[in-house]
Amino acid sequence: KCAHLRLVCQAEQKPYYMSKLWWCGITLLGLGEAGNFTAYGFAPITLVAPLGCVSVIASAFISVFFLKKTMRTADILGGTLTITGIYLLVTFSPNVPQELTARQVQNYLVSWPFLVYSILEIIIFCILLYFYKRKAVKHIMVLLMMVALLASLTVIAVKAVSSMIALSVEGRMQLTYSVFYIMSVLMATSCAFQIKFLNQAMHLYEATAVVPINFVFFTTSAIISGVIFYREFQSATLLSVFMFLFGCLLSSLGVIIIARNKKEEHLQIPFIDCGHIPGQKLTGKIQPDSHSSCYGTLNKEDDLVKRQS
């Protein structure tokens, strides 16, 4: 975001991929996602997925320094609730062994709870897809429910692939099993369709509505997947389950508070203000001229003479 804003005020317009700052942001994003992928191999799905709320808190606070946003009371309150929820998530997360071999994944794939869950998920997804395609229903709930249903398959596949790679690196080769490649294809396919429907939602609706709803739906679907496929709460006590779910509730509430009423700033008057671009010290306002391809005070003398004549 900061890179795009800086490029707007440059005299010579360059593509965003020529910006070193943009590449720095992409590199950090890639490293973060690599860490997120690795975490699925060493921790339960029901813990890793809800911790995605950390990125929402980080975005709210980092934007104060990089994008010169104003820290709101809602940001502080939402951050406090989310951090409290994270503490409960980490404290009461299910304590299950994380060694996941290819044979275990094969057994989980043919277990009756997962087969029933898969059939129900396919039926619901087909119904939503029918309304989306045939009836042209593009309501935010329809779009994000399809994203969540795909996300449940994604997190199952990501954990399986990450765990098998981790065991292979340790010397216990798992990459020779066909289930590894099946889960890899499932991971890539479900992720691609997730992006499609999520982009559609972001295009049609405000990010302030999409972000919290998507977080709640994604977290819920990931927890259900972890419980049904990997049986992560099989030996957990009732108190641990209650406190874990309470932590999820607090984290979701914090995300909703941070995103609520956070509208994008739009210029209400037709001029370009370079004074608020990060890294720029320009304060002049240039009034566009609707009768020319040039900009107001930047008209050349010959253009002015032509127009007067």
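Residues numbered from 1 in each chain as written. Predicted model: local features only at pLDDT ≥ 70, side-chain atom pairs only at ≥ 80, totals over all residues. Heavy atoms only, no water.

Details of the overall build of the chain
Of regular secondary structure, the chain possesses twelve helices and two strands. When the helices and strands of the chain are placed in sequence order, the string is α-α-α-α-α-α-α-α-α-α-α-β-β-α. Within the span of the chain, comprising 309 residues, buried residues form 39% of the whole. When contacts within the chain are restricted to residue pairs at least 6 apart in sequence, those whose partners lie at least 24 apart make up 73%. Carbon and sulfur atoms provide 67% of the accessible area of the chain, an area that totals close to 18,700 Å². (Helix = DSSP H or I, 4+ residues; strand = E, 2+ residues; numbered from the N terminus. Buried < 20%, exposed > 50% of the residue type's maximum accessible area, 1.4 Å probe, protein only. Contact = heavy atoms within 4.5 Å. Areas by Shrake-Rupley, 256 points an atom, 1.4 Å probe, with all protein chains shown as cover.)

Brief notes about the UniProt feature "transmembrane region" (unreviewed entry) in the chain
UniProt's entry tags residues 21-42, 48-67, 74-92, 112-131, 143-169, 175-195, 207-230 and 236-259 with the feature "transmembrane region" (unreviewed entry), counted in the numbering of this structure. Across residues 21-42 one finds 86% helix and 0% strand; the C-alpha atoms that close the span lie 32 Å apart. Spanning residues 48-67, this segment combines 75% helix with 0% strand, and its end C-alpha atoms are found 28 Å apart. (UniProt positions renumbered as here; feature names shortened; annotations may be inferred.)

A short note on the confidence of the model for the chain
Looking at the chain as a whole, the pLDDT averages 82, with 83% of positions reaching at least 70. Below pLDDT 50 for its whole length, residues 282-286 participates in 14 contacts with residues either more than four positions away or in separate chains. pLDDT under 50 marks residues 289-302. Its contacts with residues more than four places away, or in other chains, come to 17 contacts. (pLDDT = per-residue confidence, 0-100.)

Comments concerning the packing of helix H7 (residues 112-133) against helix H9 (residues 178-204)
It is the contact of H7 with H9, at a shortest axis distance of 15 Å, that shows an interaxial angle of 45 degrees. What the angle tells us is that H7 and H9 run oblique. By crossing handedness, the relation of H7 to H9 is classed as left-handed. On the side of H7, the interface is formed by Phe125, Leu129 and Tyr132, while H9 contributes Lys196, Phe197 and Gln200. A per-class count over the contact of H7 with H9 returns four nonpolar, one polar and one charged. (Axes fitted to C-alpha atoms, helices over the stretch in contact; angles between N-to-C directions. Parallel < 35°, antiparallel > 145°, perpendicular 65-115°, else oblique. Left-handed = near helix turned anticlockwise from the far one by under 90°. Nonpolar A, V, L, I, M, F, W, Y, C, P; charged D, E, K, R; others polar.)

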